[in-house]
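Residues per chain are reported as follows:
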Amino acid sequence: MDLKNIIKTKSLQYGEFTLSSGLLSSYYIDLKKTTLDPEGLAVITQTIFNKILEHCLLNIVDSIGGMDLGALPIVSALMLKSYNKQFSLRGFVIRKSQKNYGTKNRIEGNLRHADHVILIEDVVTTGKSILEAVDILQNEHCVIGKIIAVVDRNQGAREEFVKVGIPYEYIFDIKELLT
């Protein structure tokens, strides 16, 4: 099965939903149903890996990461796929809020100061959470080379990423999944 059909079958739901952005929607894409499925994750990983490979041929990339929880399965699979290739990518995840115990980290994993990173997201709506991640990473003096999403809900994120000057790619525009 191709990725479009996997997402439509496993992740696309119709009803009344409130999105993390606060917007109301008549559909919801629970992409974790696809990213936590072996076939779905394998296809997403290969597709994004190809985009990362193109970027790596032109630019430095040290690590990949994204916001917890949506990016975590994808980031983990991409790290594994990169192992012993032309490059091995380190991974990180950004917590939605700083933990108040242990190391009290907001960023977990292997991000280093001033890394060149690619941000991964499962579903992008307004871009608010990714822009929060961008701020956190820029405070660590990281350079964000690209943002890659699986699905763009087409509700303003693209324009926000253009404003901050970060290249952006996605696999599917929501219109492709709703038809």
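As the structure is a computational prediction, the values presented were derived from the model and not from experiment.

Concerning the overall build of the protein
Here is step 1: What the protein contains, in helices and strands, is seven helices and eight strands.
Here is step 2: For the protein, whose C-alpha radius of gyration is 16 Å, the value lies close to the compact-globule estimate of 16 Å for 179 residues.
Here is step 3: Taken along its principal axes, the extent of the C-alpha atoms in the protein is 45 × 35 × 35 Å.
Here is step 4: Residues counted as buried form 49% of the 179 residues belonging to the protein.
Here is step 5: The long-range fraction of contacts in the protein, counting pairs at least 24 apart against all pairs at least 6 apart in sequence, stands at 63%.
Here is step 6: Of the roughly 9100 Å² that the protein leaves accessible, carbon and sulfur atoms contribute 52%.

Looking at the nonpolar core
Here is step 1: One finds Ile7, Ile29, Ile48, Ile52, Ile120 and Val150 to be the most contacted residues of the largest nonpolar core, which totals 31 residues.
Here is step 2: Within the residue set of this core, elements represented by two or more residues are α1 (3-10), β2 (24-29), α3 (38-58), α4 (72-82), β6 (116-124), β7 (143-152), β8 (168-173) and α7 (174-178).
Here is step 3: For this core, the element with the most residues is α3, which contributes six residues.
Here is step 4: Residues within four places of isoleucine 52 in sequence aside, it is in contact with Ile64, Leu78, Phe87, Leu89, Ile118, Ile120 and Ile148.
Here is step 5: Among the nonpolar cores identified, the runner-up in size contains 22 residues, and Met67, Leu119, Ala133 and Ile136 belong to it.

Points about the environment of proline 38
Here is step 1: Tracing the backbone through its elements, the reader meets proline 38 in helix α3.
Here is step 2: Judged by relative accessible area, which is 67%, proline 38 ranks as exposed.

Topic: the environment of arginine 106
Here is step 1: Tracing the chain through its elements places arginine 106 in the loop between β4 (90-94) and β5 (107-109).
Here is step 2: The spacing of arginine 106 and isoleucine 136 is 30 residues in sequence and 8.8 Å in space, taken between C-alpha atoms.
Here is step 3: What arginine 106 contacts, discounting residues up to four positions off in sequence, is Met67, Val93, Ile94, Arg95, Lys96, Ser97, Gln98, Glu132 and Ile136.
Here is step 4: A polar side-chain atom of arginine 106 sits 2.9 Å from the main-chain carbonyl oxygen of lysine 96.
Here is step 5: A polar contact is formed between the side chain of arginine 106 and the side chain of glutamate 132, at a distance of 2.3 Å.

Considerations on the pattern of salt bridges
Here is step 1: Summed over all chains, the structure comprises nine salt bridges.
Here is step 2: Note that arginine 90 and aspartate 115 form a salt bridge whose closest N and O atoms lie 2.8 Å from each other. Here the residue arginine 90 occupies a position in strand β4, and aspartate 115 occupies one in the loop between β5 and β6, the gap between them amounting to 25 residues.
Here is step 3: According to the relative accessible area criterion, arginine 90 is buried, its value standing at 18%.
Here is step 4: The buried category is assigned to aspartate 115, whose relative accessible area is 4%.
Here is step 5: The salt bridge involving arginine 158 is made with aspartate 173; its shortest N-O contact spans 3.1 Å.

As for the sheet that holds β7
Here is step 1: On the basis of which strands lie adjacent, the open sheet formed by six strands has the order β5-β4-β3-β6-β7-β8 and mixed pairing. Edge positions in the open sheet fall to β5 and β8, since each of these has one partner strand only. The sheet shows a mean angle of 20° between the axes of neighbouring strands, taken without regard to direction.
Here is step 2: Pairing geometry for β7 and β8, over five bridges, is parallel. Within β8, the position partnered with valine 151 by the bridge is phenylalanine 172.

Some details on the side chain of aspartate 30
Here is step 1: Tracing the chain through its elements places aspartate 30 in the loop between β2 and α2 (32-35).
Here is step 2: No salt bridge is formed by the buried aspartate 30, whose closest oppositely charged neighbour, lysine 32, lies at an N-O distance of 4.1 Å.
Here is step 3: Ignoring anything within four residues of it in the chain, the contact list for aspartate 30 reads Ser11 and Gln13.

Rules used in this analysis
Residues numbered from 1 in each chain as written. Predicted model: local features only at pLDDT ≥ 70, side-chain atom pairs only at ≥ 80, totals over all residues. Heavy atoms only, no water. Helix = DSSP H or I, 4+ residues; strand = E, 2+ residues; numbered from the N terminus. Rg over C-alpha atoms; globule rule 2.2 N^0.38 Å. Buried < 20%, exposed > 50% of the residue type's maximum accessible area, 1.4 Å probe, protein only. Contact = heavy atoms within 4.5 Å. Areas by Shrake-Rupley, 256 points an atom, 1.4 Å probe, with all protein chains shown as cover. Core = buried A, V, L, I, M, F, W, Y, C linked by side-chain atoms within 4.5 Å. Polar contact = N/O pair within 3.5 Å; in protein donor to acceptor, adjacent residues only side chain to side chain. Salt bridge = Lys/Arg side-chain N within 4 Å of Asp/Glu carboxyl O. Pairing = 2+ DSSP bridges. Axes fitted to C-alpha atoms, helices over the stretch in contact; angles between N-to-C directions. Lys, Arg positive; Asp, Glu negative; His and termini not counted.

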